[in-house]
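Here's the letter readout for the chains.
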Amino acid sequence: MAKLLWTPGEEQIKNSNMYQFMNVINNKYHQDFSEFTSLYEWSIENIADFWETFWEFADIIASKPYDQVIDDVTKMPGARWFSGARLNFAQNLLRFRDDKTALIFKGEGQPSTKMTYAELYDEVARLAQSLKAAGIEAGDRVVGFMPNMPATIVAMLAATSLGATWSSCSPDFGIKGVLDRFGQIQPKILFTADGYFFKGKKMDSLARIADILKKLPSIEKVVVVPYTDQNADISMVPNAVHYKDFRFSESKREIEFEQLPFDHPLYVMYSSGTTGLPKCMVQSAGGILIHHLKELMLHTDLKREDTIFYFTTCGWMMWNWLTSSLAVGATLVLFDGNPFHPHPGALWEMAQDEKVTVFGTSAGYIAALVNADVKPGKTYDLGALRAVLSTGSPLSIEGFEYVYN
């Protein structure tokens, strides 16, 4: 059996979201749970009761309550969840409008920038108005060929506030990789940055976009976000417009969130494409919202005072997962670039400087740290860090044991 690396103290347990939720279950259903395993067993034996209670615990915003939690728990796939409910995904992520920092962006080799929750709401409101004026409505597809930067989150929230479906690819994807994905969903509007940075080099995106558009006739407009150049030449890209010229000029607007069924399509994601064309996976607005919040609030114990980071691009599902942290009111740290530039400890230096409390990454990155003999716990002040998350193989656990000792 693997060595137990850490266990929480009693105070941390009692202050956790999981403990609070367990007490709610105990009081509501006359149970006496005191640990996770018994709560878990109850949750899978009482599926409707669990999800109904979590809906309330997470304070899901809906203009119309649901009529029924689930129609048939034995039906998989095909069960209908929270039928009758009307809600909007973006509205749930934009419930906070104060001066707390919502987004911190650290581009490779650049100083970090910040955006508050009030600024995020205002930016989304202005862009949503522009998308609406461009004819975007519920059911349309809006896509991003974007770095992991605030403008990507703004574009996604603006599109989904109208009921459009969002899909994205990382700008390091080749032309065929983008066409294999976006070519299947016929998007109307494409957001792209003019370029991105990788290993200290400025990479161009516009030439590839021009080639992509030749085989993507459904695109009616390309919105170019400045990143590597504040006023890039976009003449080579058909139907292109600079972000500053596309975004609605009037600020302090209220967003008219389109109210939609629980199962309205929110995201189109894709399989890896190793066995033919990437398979499209449509994820529903309500399903992703409540499932992400369950993972973030109960399993990650995310709270409003947390600063959460996940090393991801916009082409991986963890970008979508990280973005849902806005619904909790936490501060999100976005990084774009090479994690080993200008040195192998770049992400941990960022975690130190931004006082990251939840740090997420992949097993491959941990393996690379081990090979580079990087030991963040000895090199950087990570006193704010309380949780490290990792996807992938058990190597991640071995790697963190090595990294922190």
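Attention now moves to the state of the cysteines. Taken as a whole and judged by the stated rule, the model has 0 disulfides. Cys-314 supplies the cysteine sulfur nearest to Cys-169, a cysteine that is in no disulfide, at a spacing of 9.9 Å.

To continue, consider the nonpolar core. Counting residues in hydrophobic clusters, the biggest one holds 93 residues, and the most contacted among them are Leu-120, Leu-157, Phe-191 and Leu-326. In this structure, Cys-169, Ile-209, Ile-219 and Val-268 belong to the second largest nonpolar core, which totals 21 residues.

As a further point, take the sheet that holds strand 14 (residues 260-261). Strand order across the open sheet formed by 3 strands is 1-4-14, with antiparallel pairing between neighbours. With partners counted over all chains shown, the strands left at the sheet margins are strand 1 (62-64) and strand 14, one partner each.

Looking now at empty space enclosed by the protein. The method is simple in principle: a probe with the dimensions of a water molecule rolls over the atoms, and the space it marks as empty is what remains. Per the counting criterion, the structure on display carries 1 cavity of 30 Å³ or more. Approximately 50 Å³ is the volume found for the largest cavity. Taken together, Leu-87, Asn-88, Phe-89, Thr-160, Gly-163, Ala-164, Leu-260, His-264, Pro-265, Leu-266 and Ala-285 make up the lining of the largest cavity. Of the residues that constitute the lining of the largest cavity, the class distribution is 7 nonpolar, 4 polar and no charged.

In this section: the pattern of salt bridges. All chains considered together, the criterion is met by 17 salt bridges. A salt bridge links Lys-176 to Asp-180, with the shortest nitrogen-to-oxygen separation between them at 2.7 Å. Placement of the pair is Lys-176 and Asp-180 together in helix 8 (residues 175-182), with a separation of 4 residues, close to one helical turn. The shortest N-O distance in the salt bridge between Asp-245 and Lys-244 comes to 3.6 Å.

Under the defined criterion, the tally for this structure stands at 29 aromatic pairs. Between Phe-96 and Tyr-117, the ring centres sit 5.8 Å apart and the planes meet at 70°, which makes this aromatic pair edge-to-face. Pair noted here: Phe-96 is in the loop between helix 5 (89-93) and strand 5 (101-107) and Tyr-117 is in helix 6 (residues 117-133), with a separation of 21 residues, a long-range link. Their ring planes at 85° and their centres at 5.2 Å tell us that Phe-197 and Tyr-227 sit as a pair that is edge-to-face. Placement of Phe-197 in strand 10 (residues 195-198) and of Tyr-227 in the loop between strand 12 (221-225) and strand 13 (240-242) is noted, with a sequence separation of 30 residues between them. Following the ring pairs from residue to residue traces out a cluster consisting of Phe-21, Phe-50, Trp-51, Phe-54, Trp-55, Phe-57, Tyr-66, Trp-81, Phe-82 and Phe-262. A cation over an aromatic ring shows up here: Arg-97 above the ring of Tyr-121, its NZ or CZ 3.6 Å from the ring centre.

This paragraph deals with helix 2 (residues 17-29). Along its 13 residues, helix 2 runs 18 Å from first to last C-alpha, staying within 8% of the 18 Å computed at 1.5 Å per residue. Among the residues of helix 2, those classed as buried are Asn-17, Met-18, Phe-21, Met-22, Ile-25, Asn-26 and Tyr-29. Each element contacted by the buried residues of helix 2 is listed here: helix 3 (36-45), helix 4 (47-57) and helix 11 (285-299). Taken from the residues just after helix 2, His-30 is the one with a positive phi, measuring 55°.

Another point: the side chain of Thr-165. Mapped onto the elements of the fold, Thr-165 is located in strand 8 (residues 165-169). In terms of polar contacts, Thr-165 uses its side chain to reach the backbone carbonyl oxygen of Pro-265, at 3.0 Å. Apart from the residues within four sequence positions on either side, Thr-165 is in contact with Asp-140, Arg-141, Val-142, Pro-265, Leu-266, Tyr-267 and Val-268.

Cut-offs and rules
- Residues numbered from 1 in each chain as written.
- Predicted model: local features only at pLDDT ≥ 70, side-chain atom pairs only at ≥ 80, totals over all residues.
- Heavy atoms only, no water.
- Disulfide = S-S within 2.5 Å.
- Core = buried A, V, L, I, M, F, W, Y, C linked by side-chain atoms within 4.5 Å.
- Buried < 20%, exposed > 50% of the residue type's maximum accessible area, 1.4 Å probe, protein only.
- Pairing = 2+ DSSP bridges.
- Helix = DSSP H or I, 4+ residues; strand = E, 2+ residues; numbered from the N terminus.
- 1 Å grid on protein atoms, 1.4 Å probe; cavity = no way out; pocket = protein on both sides within 12 Å on 5 of 7 lines; lining within 4 Å.
- Points joined across faces, edges and corners; volume = space filled by probe spheres on them.
- Nonpolar A, V, L, I, M, F, W, Y, C, P; charged D, E, K, R; others polar.
- Salt bridge = Lys/Arg side-chain N within 4 Å of Asp/Glu carboxyl O.
- Phe/Tyr/Trp six-rings, centres within 6.5 Å; stacked < 30°, edge-to-face > 60°.
- Lys NZ or Arg CZ within 6 Å of the ring centre and 35° of its normal.
- Expected span 1.5 Å × (residues − 1).
- Contact = heavy atoms within 4.5 Å.
- Polar contact = N/O pair within 3.5 Å; in protein donor to acceptor, adjacent residues only side chain to side chain.

Treat this as a map of the structure, not an account of what it does.
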